[in-house]
Amino acid sequence: MLQELFPYLSALLIEEVERQPDQVVLRTRVRATTRLCRCGQSSARVHGRYVRRLRDVAVGGIRVVIELCVRRFRCENPACTAVTFAEQVLGLTTPHSRHTPLLREVLTRIGLTLAGRAGARLASALGLTIGRDTLLRLVRSLPEPEIGAVEVLGVDDFAFRKGRHYGTILIDMATHRPLHLYDGRDGDNLAAWLRDHPEVKVICRDRSSGYAEGARVGAPQAEQVADRYHLWANLGQAVEKTVNAHRSRLANPPPARASGHDTDAAEPEVVQLPEELRIVVRLREQHAAAHELREQGMSKAAIGRKLGLHQATVRKLVDARSADDVVAKSLQRAHIVDPYVSHLHRRWNEGIRNAAQLYREIQELGYPGGELAVQRHLRRYRNGRGHAPTPGPKPPSVRQVTSWIMTHPEHLRDEDADKLHRLRKRDPELDRLTLHVRKFAAMMTGRHGDRLDDWITDVEQDSLAPLAGFARNLRRDFAAVHNGLSLPHSSGAVEGNVNRLKMLKRQMFGRAGLDLLRKRVLLTR
């Protein structure tokens, strides 16, 4: 049985087994070996002997070291560049290696799975002492797999550093196996790869113009398929912009006041608009200042230095068409205290002003936040008239309405479906927006690409500007979008591989090079 599992045992003679505190040493001698030089000629002329120390896999968490006495032979081939060579034991030794093939395979698998530091820690727990750099060298020495014939190719980008440095990954859509990684996301590298693989018939990609041009140049025979996920995501962005432009209509209209003969005739009602929050005022001032400096020819970096703002904030202000867009983006996120506002208002008006007590009360109701957020919410009433006004129903946020419109009607909760119905009844433009989205969803799920041209025409003739812009962009890439809504191909496998790639990249803390990342992506499944 042991001979079948370890065929090299028949070639060894075990002379001594020494148990040391941290390892077991097997002192052995070679009984029968391969005496072939690298030139292919055998030799029987012994030149000398020496002892090789080989590390093997641990047994019971204890390291195993094999001290193997081997012979060195002199090559008798005068044309060979090697003067001497050492005998090798098949399955146990390889030239210049201090690890057995089994241990090398185990360490390589650990390095592929966990990379450097984490792999070294796991190996140490298994009784294998190895350095992180050695693990990485083992991974880098692995050969890359053969690509073979690819008929359906998936292309997508990934970020080395988001917003600054990107790469590209190519996927075989038939096997979902990564084929290649390269630096950058332009179309030239993609075109060069496609020229070497003329068998590609279908290319699944996002709506990037660079990949579209690279696919057209490198594989003119292939059909390009726009990914449905990205189409739906881009539609969602257009819907959110449209809802954001109608956010003032999201609140329920105030109830009509009872008519009074004396009061209505005597004095008209005076409506006082609520004072804007300080963050809203600041955002409006920053937006105006950023656009004024931009019109003067200043760069975004110079505007940031002038106003003392981060470059991401400057980019957000400059790219926004109006200050309302910036304000809506900043305020549309729900606050953690919002579900408990009605309770806080009622208790405040009852005379309970202790923030710690109110915090404990809403904590019993399921409030997951801290006391500081409650104190900040109550601070506005301490600085006001002393009593909080009776809160009215909070209007839905832009994101909530967007999610209602983008969700299948059968998957909406009854409460949300009723709110969306009232919004559509109150606002004809939101009603038309919902109809357009549902027609696109039916076209996408049913793969009715033949309806795309009519849908684009209907949207372009409507007054919904963000949705019309989305439709015009579809017309620029009409063939790929039509294929994406008609053919069964999808980029789901590409997105899954990109997600796995991100995990591997972050596991290496972003410090490893592209060569190591490529090996881990291509060789791990």
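This text goes with the structure placed above it.
Everything in this summary refers to the structure shown in the same document. (Residues numbered from 1 in each chain as written. Predicted model: local features only at pLDDT ≥ 70, side-chain atom pairs only at ≥ 80, totals over all residues. Heavy atoms only, no water.)

For the rest of this paragraph, the subject is the nonpolar core. Core analysis: the largest hydrophobic core is formed by 33 residues, its most contacted members being Leu235, Val243, Leu433, Phe440, Trp455 and Leu474. At the level of elements, α7 (228-245), α16 (398-406), α17 (414-426), α18 (428-445), α19 (452-460), α20 (465-476) and α21 (478-484) are the ones that each hand at least two residues to this core. When residues in this core are grouped by element, the largest group, 6 residues, is from α18. Setting aside anything within four residues of it in sequence, one finds Trp455 in contact with Leu235, His436, Lys439, Phe440, Met443, Phe470, Ala471 and Leu474. Listed in part, the 23 residues of the second largest apolar core include Leu136, Val498, Leu517 and Leu522. (Core = buried A, V, L, I, M, F, W, Y, C linked by side-chain atoms within 4.5 Å. Buried < 20%, exposed > 50% of the residue type's maximum accessible area, 1.4 Å probe, protein only. Helix = DSSP H or I, 4+ residues; strand = E, 2+ residues; numbered from the N terminus. Contact = heavy atoms within 4.5 Å.)

Another aspect to go through is the side chain of Arg520. Note on placement: Arg520 falls in helix α23 (residues 514-523). This buried residue, Arg520, is left without a salt bridge; Asp515 holds the nearest opposite charge, at 11 Å. Beyond its immediate stretch of four places on either side in the chain, Arg520 contacts Gly111, Leu112, Thr113, Leu114, Ala115, Val139, Arg500, Leu504, Gln507 and Met508. (Lys, Arg positive; Asp, Glu negative; His and termini not counted. Salt bridge = Lys/Arg side-chain N within 4 Å of Asp/Glu carboxyl O.)

To continue, consider the environment of Leu13. One can find Leu13 in strand β1 (residues 12-19). As a C-alpha pair, Leu13 and Arg29 span 16 residues in sequence and 5.1 Å in three-dimensional space. Once residues within four sequence positions are removed from consideration, Leu13 is found in contact with Arg27, Thr28, Arg29 and Arg31.

Now for α17. The terminal C-alpha atoms of α17 lie 18 Å apart, and with 13 residues this matches the ideal 18 Å at 1.5 Å per residue to within 8%. Within α17, burial applies to Asp416, Leu420, Leu423 and Arg424. The buried residues of α17 occupy an angular sector of 95° when the element is viewed end-on, so they sit on one face. In α17, the exposed positions angled more than 90 degrees off the buried face are occupied by Asp414 and Lys425. For α17, the elements touching its buried residues are α16 and α18. (Expected span 1.5 Å × (residues − 1). Arc of directions from axis to C-beta.)

Let's shift gears to a positive patch on the surface. On the surface, a cluster of positive charge is made up of Arg278, Arg282, Arg376 and Arg379. Of all elements in the fold, only α9 (278-295) and α15 (371-382) reach the threshold of two or more residues within the positive patch. Residue position: Arg282 is located in helix α9. Of the residues examined, Arg282 reaches a relative accessible area of 44% and is grouped as partly exposed. (Patch = residues over 30% accessible without salt bridge, like charges linked within 9 Å, V, L, I, M, F, W, Y side chains within 5 Å. Areas by Shrake-Rupley, 256 points an atom, 1.4 Å probe, with all protein chains shown as cover. Charge placed at Lys NZ, Arg CZ, Asp CG, Glu CD.)

Scanning all chains against the criterion turns up 0 disulfides. The thiol sulfur of Cys80 is not disulfide-bonded, and the nearest other cysteine sulfur, from Cys37, lies at 3.7 Å. (Disulfide = S-S within 2.5 Å.)

Another point: the packing of helix α4 (residues 132-140) against α23. Running from N to C, α4 and α23 point in directions that differ by 65°, and their axes come no closer than 9 Å. In terms of orientation, α4 and α23 fall into the roughly perpendicular class. Crossing handedness for the pair α4 and α23: left-handed. Side by side, α4 and α23 meet where Leu136, Val139 and Arg140 of the first sit next to Asp515, Leu516, Lys519 and Arg520 of the second. Here the residues of the contact of α4 with α23 sort into 3 nonpolar, no polar and 4 charged. (Axes fitted to C-alpha atoms, helices over the stretch in contact; angles between N-to-C directions. Parallel < 35°, antiparallel > 145°, perpendicular 65-115°, else oblique. Left-handed = near helix turned anticlockwise from the far one by under 90°. Nonpolar A, V, L, I, M, F, W, Y, C, P; charged D, E, K, R; others polar.)

Here we take up unusual backbone geometry. Comment: phi is negative for the bulk of residues other than glycine, and the bulk of peptide bonds are trans. Positive phi, normally seen in glycine, also occurs at Ala115, with a value near 65°. The topology assignment puts Ala115 in the loop between α2 (101-114) and α3 (117-125). Taking the relative accessible area as the measure of exposure, Ala115 reaches 3% and is therefore buried. Even without a glycine there, the phi angle at Arg447 is positive, about 55°. Structurally, Arg447 is set in the loop between α18 and α19. Overall, the relative accessible area of 39% leaves Arg447 in the partly exposed class.

Take the environment of Met298 next. Examined against the element boundaries, Met298 turns out to sit in the loop between α9 and α10 (300-307). Of the residues examined, Met298 reaches a relative accessible area of 23% and is grouped as partly exposed. Excluding its chain neighbours within four sequence positions, the residues that come into contact with Met298 are Leu293, Ile303 and Lys306.

Moving on, we come to the pattern of salt bridges. For the coordinates displayed, the defined rule picks out 21 salt bridges. Two residues, Lys300 and Asp319, come together in a salt bridge whose shortest N-O distance is 3.5 Å. Separated by 19 residues along the polypeptide, Lys300 in helix α10 and Asp319 in helix α11 (residues 311-319) bring together distant segments of the chain. On the accessibility criterion, Lys300 (28% relative accessible area) is partly exposed. Here Arg475 and Asp453 are joined by a salt bridge, their closest N and O atoms 3.1 Å apart. One end of the pair, Arg475, is in helix α20; the other, Asp453, is in helix α19, with 22 residues separating them in the sequence.

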